[in-house]
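# Report on the structure
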Amino acid sequence: MTAPVVEISNLMKRYRDTSALDDVSLTLQENTLYGLLGRNGAGKTTLMSILTAQNFETSGTVRVFGKHPYENASVLSRMCFIRESQKYPDGFRPRHAFQAAAMFFPNWDQQLCDQLIHDFELPQDRTIKKLSRGQTSAVGVIIGLASRAEITFFDEPYLGLDAVARQIFYDRLLAEYSEFPRTIVLSSHLIDEVANLLEHVIVLDHGRVVMDADADEIRGTAFTLIGPGALVEEFIGGREVIHRETIGSFASVTVECPLSDLERREATELGLDVAPVSLQQLVVRRTAPDRPGRQGDSPADRMEVVR
Amino acid sequence: MRQAINVGRMQMLNRWQFVGIPLLVLSTALAFVIVIGALLVPGSKPFYTGAGQAALWCFVIGGVQSLTLTFPFSQGLSITRRAYFIGTTGVFALLTLGLAILFYLLGLVENATDGWFVHGYVFALPWVTSQSWYGTMALVWAIGYLLFISGFWLATLYKRWAINGALVAGVGIALIFLIIAAVITFTHNWAAFGQWAMQQTPLSLAGGILVAIAVLVGVSFLTLRRALP
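All names here are of chain A. On the basis of which strands lie adjacent, the open sheet formed by six strands has the order S5-S6-S7-S3-S8-S9 and mixed pairing. Across the chains shown, the open sheet's two edge strands, defined by having one partner strand only, are strand S5 (79-82) and strand S9 (208-214). Recorded for the sheet is a direction-independent mean angle of 15° between the axes of neighbouring strands. Bridge count between S5 and strand S6 (residues 151-155): four bridges; the pairing is parallel. Within S6, the position partnered with Met 79 by the bridge is Ile 151.

Moving on, we get to a negative patch on the surface. All names here are of chain A. Taken together, the side chains of Glu 199, Asp 212, Asp 214 and Glu 217 present a region of like negative charge at the surface. One can find Glu 199 in the loop between helix H7 (191-194) and strand S8 (200-205). You can call Glu 199 partly exposed: its relative accessible area is 36%.

Take the side chain of B:Thr156 next. Residue and element names in this part refer to chain B. Of note, Thr 156 is situated in helix H7 (residues 133-186). Residue Thr 156 is classed as buried on the basis of its relative accessible area, which comes to 0%. Within the local environment of Thr 156, its side chain forms a polar contact with the backbone oxygen of Phe 152, the two atoms lying 2.6 Å apart. Setting aside residues up to four positions removed in sequence, Thr 156 forms contacts with Leu 67, Ser 220, Thr 223 and Leu 224.

This part takes up the domain arrangement of chain A. Residues and elements named next belong to chain A. As far as domains go, chain A holds domain 1 (4-218) and domain 2 (222-306). Relative placement of domain 1 and domain 2: their C-alpha centres are 33 Å apart. Of all residues in domain 1, Ile 191, Arg 208 and Val 210 bury the most surface against domain 2, accounting for 34% of the area lost on that side. Between the two partners, domain 1 and domain 2, sit zero salt bridges. Put simply, the parts of the chain that give the side of domain 1 that touches domain 2 at least two residues each are H7, S8 and S9. Per-class residue counts for the side of domain 1 that touches domain 2 are 12 nonpolar, two polar and four charged.

Residues and elements named next belong to chain A. Strand direction decides the pairing type here: strand S1 (residues 4-15) and strand S2 (residues 18-29), joined by eight bridges, are antiparallel. Along S2, the bridge assignment pairs Val 6 with Leu 28. Pairing analysis gives five bridges linking S1 to strand S4 (residues 59-64), with the strands arranged antiparallel. Residue Val 6 lies in a different strand from S4, and its bridge partner there is Val 64.

On to the side chain of A:Arg182, then. Residue and element names in this part refer to chain A. Looking at the secondary structure, you find Arg 182 in the loop between helix H6 (163-179) and strand S7 (183-188). Among the polar contacts listed, one links the side chain of Arg 182 to the backbone oxygen of Leu 145, at a separation of 3.2 Å. Excluding anything up to four places from it in sequence, Arg 182 contacts Asn 31, Thr 32, Gly 144, Leu 145, Arg 148, Ala 149, Glu 150, Thr 152, Glu 176 and Tyr 177.

What follows concerns the nonpolar core. Within the largest apolar cluster, 112 residues are counted, with the highest numbers of intra-cluster contacts made by A:Ile143 and B:Leu77. Among residues more than four places away in sequence, those in contact with A:Ile143 are A:Cys80, A:Ile82, A:Tyr88, A:Ala97, A:Phe98, A:Ala101, A:Phe105, A:Trp108 and B:Leu77. Of all hydrophobic cores here, the second largest spans 30 residues; its members include A:Leu11, A:Tyr34, A:Ile50 and A:Phe65.

All right, on to the environment of B:Gly170 then. With respect to the element layout, B:Gly170 can be found in helix H7. Assessed through its relative accessible area of 39%, B:Gly170 is described here as partly exposed.

Before going further, it helps to spend a moment on the packing of helix H5 (residues 81-112) of chain B against H7(B). Residue and element names in this part refer to chain B. Running from amino to carboxyl end, H5 crosses H7 at an angle of 140°, the nearest separation of the two axes being 8 Å. Taken as axis vectors, H5 and H7 run oblique relative to one another. Note that H5 runs across H7; the crossing there is right-handed. From H5, Tyr 84, Phe 85, Thr 88, Thr 89, Phe 92, Ala 93, Thr 96, Leu 97, Ala 100, Ile 101, Phe 103 and Tyr 104 reach across to H7, where they touch Trp 133, Thr 136, Met 137, Val 140, Trp 141, Gly 144, Tyr 145, Phe 148, Ile 149 and Phe 152. Here the residues of the contact of H5 with H7 are counted per class, giving 17 nonpolar, five polar and no charged.

Here we come to the interface of chain B and chain A. Opposite the 27 residues of chain B that make contact, chain A presents 31 residues. Between chain B and chain A lies a buried interface of about 2700 Å² when both sides are counted; carbon and sulfur atoms form 60% of it. Taken together, the links from chain B to chain A amount to zero salt bridges. Here chain B is connected to chain A by 12 residue pairs in polar contact (both at pLDDT 80 or more). Those elements giving two or more residues to the side of chain B that touches chain A turn out to be helix H1 (2-11), helix H4 (70-76) and H5 of chain B.

Take helix H9 (residues 229-236) of chain A next. All names here are of chain A. Buried residues of H9: Gly 229, Val 232, Phe 235 and Ile 236, and no others. The buried residues of H9 occupy an angular sector of 135° when the element is viewed end-on, so they sit on one face. Facing away from the buried side of H9, by more than 90 degrees, are the exposed residues Ala 230 and Glu 234. Looking at the buried positions of H9, the neighbouring elements they touch are strand S10 (222-228), strand S11 (240-247), strand S12 (250-256) and helix H10 (261-269). Remark: Gly 237 follows H9 within two positions and exhibits a positive phi of approximately 55°.

A few words now on the pattern of salt bridges. All names here are of chain A. For the structure shown, the criterion picks out 13 salt bridges over all chains. The partner of Arg 172 in a salt bridge is Asp 119, with the nearest N and O atoms 3.3 Å apart. Of this pair, Arg 172 sits in helix H6 while Asp 119 sits in helix H4 (residues 110-119); the two residues are 53 residues apart in sequence, bridging distant segments of the chain. In this structure Arg 172 comes out as partly exposed when scored by relative accessible area, which is 26%. For Arg 239, the salt bridge goes to Glu 263, with nearest N and O atoms at 2.4 Å.

Cut-off values and rules
Residues numbered from 1 in each chain as written. Chains lettered and ligands numbered in written order. Predicted model: local features only at pLDDT ≥ 70, side-chain atom pairs only at ≥ 80, totals over all residues. Heavy atoms only, no water. Pairing = 2+ DSSP bridges. Helix = DSSP H or I, 4+ residues; strand = E, 2+ residues; numbered from the N terminus. Axes fitted to C-alpha atoms, helices over the stretch in contact; angles between N-to-C directions. Patch = residues over 30% accessible without salt bridge, like charges linked within 9 Å, V, L, I, M, F, W, Y side chains within 5 Å. Areas by Shrake-Rupley, 256 points an atom, 1.4 Å probe, with all protein chains shown as cover. Salt bridge = Lys/Arg side-chain N within 4 Å of Asp/Glu carboxyl O. Lys, Arg positive; Asp, Glu negative; His and termini not counted. Charge placed at Lys NZ, Arg CZ, Asp CG, Glu CD. Buried < 20%, exposed > 50% of the residue type's maximum accessible area, 1.4 Å probe, protein only. Polar contact = N/O pair within 3.5 Å; in protein donor to acceptor, adjacent residues only side chain to side chain. Contact = heavy atoms within 4.5 Å. Domains from an automatic or database assignment. Buried area = accessible area lost by both parts, 1.4 Å probe. Nonpolar A, V, L, I, M, F, W, Y, C, P; charged D, E, K, R; others polar. Core = buried A, V, L, I, M, F, W, Y, C linked by side-chain atoms within 4.5 Å. Parallel < 35°, antiparallel > 145°, perpendicular 65-115°, else oblique. Left-handed = near helix turned anticlockwise from the far one by under 90°. Arc of directions from axis to C-beta.

Printed below as a string of structure tokens:
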């Protein structure tokens, strides 16, 4: 049985003339692997910063382990959030950063840390400032994994990591997660790469939650119909269209709405191709600027416009 | 408390930064004085220099550096701003105390060797050592810590409000001094002020600086409370 570890309601974060987070309400359960997806500037880092009291909400309620995290050592020490552009003290070598992390995270696992240093081939004799982008990311990833914090945030952890290192990260993350379950929030815009890891997906767009659902639910929710334009339109009827492309008399329309076996057979009989939609495509369709009804004020409004 | 102590340990993980460099500066300054005394200053009359202050100035940089990059890092390690503040200001109180003790001890050596055998005085300065051993140490500590907390506050202001914060604070402090000077001028009290200043001892000056330190520690904490990493 899972219990909520994070509860946010009506969270707003405003900067002078823009809102970074706009009426965000979310609940994160313990021991779940979340994907926090969205474009650059969608508000992912701001959200994680507020949850770890590194930044402050303008209004709304934030509860982590039932309390507000600001200046709350008993809450903060159970979380780890190494940001994508994390700064490290001048002259610090990786080992200094790990020594410091070991002092502050009660569940720190030094053996795991050493293993990861080896796996990522992280040079230990150089200051962090002189490391490559990928090696700097590796320092953050190692702190995040070895901290074994009850809520661990990974903020675009793969930046600059090569394909091999990224795979090491994903493998280690899953192994760690199954051995020591905790709540993990993986912020990412490389959606296809992480899609299979995720148990729950949250998509932010311009500071708003546009998707908050279990990964399994999402997988069947959308499909693309390809075929002669007229037939496709007829089949779609009143369903919610999230993307439409036409090439000559052919149309490729992505529709968000589960399809029953009967409907699927019907479509095939009409000579239409039914293709599944990957999580990445779905997120792109949901957050792309040319999305129909984009000018609407809230996800609900946008649907109205489409209808 | 445990967290604050760990913050102090974290600040000291790279000892070169805050211990090595001040010591290097101090010994370089001393070496210069000895070389100058041996080669350039003839006769046996003692000469006094302010070269020792070079090490004190390192603490301005220390104050800036202990915040600029270490504060964001401490936030990544889920440390409260309070623990970060207590740990950092605490460990620098000890570091400057170490420097004050060193200053005093080197002053003893200086007197015993008649200015490093070349009549050059860096630490056993006339007025500074005129009172008592604790008067000397208190003054050196107070100056060192004032420089540290000034650098720390400046960096915090910059972190919180960027250049505007630092500018407003700088202008504000300049204004305060200006107003004090104006009040003394208009009340024709410069002579009395001079008299008063002449009567100060190392210990009373240290006490005055301590008040300024207390104010700066307070405003630094208030500035840091809502600062973003």
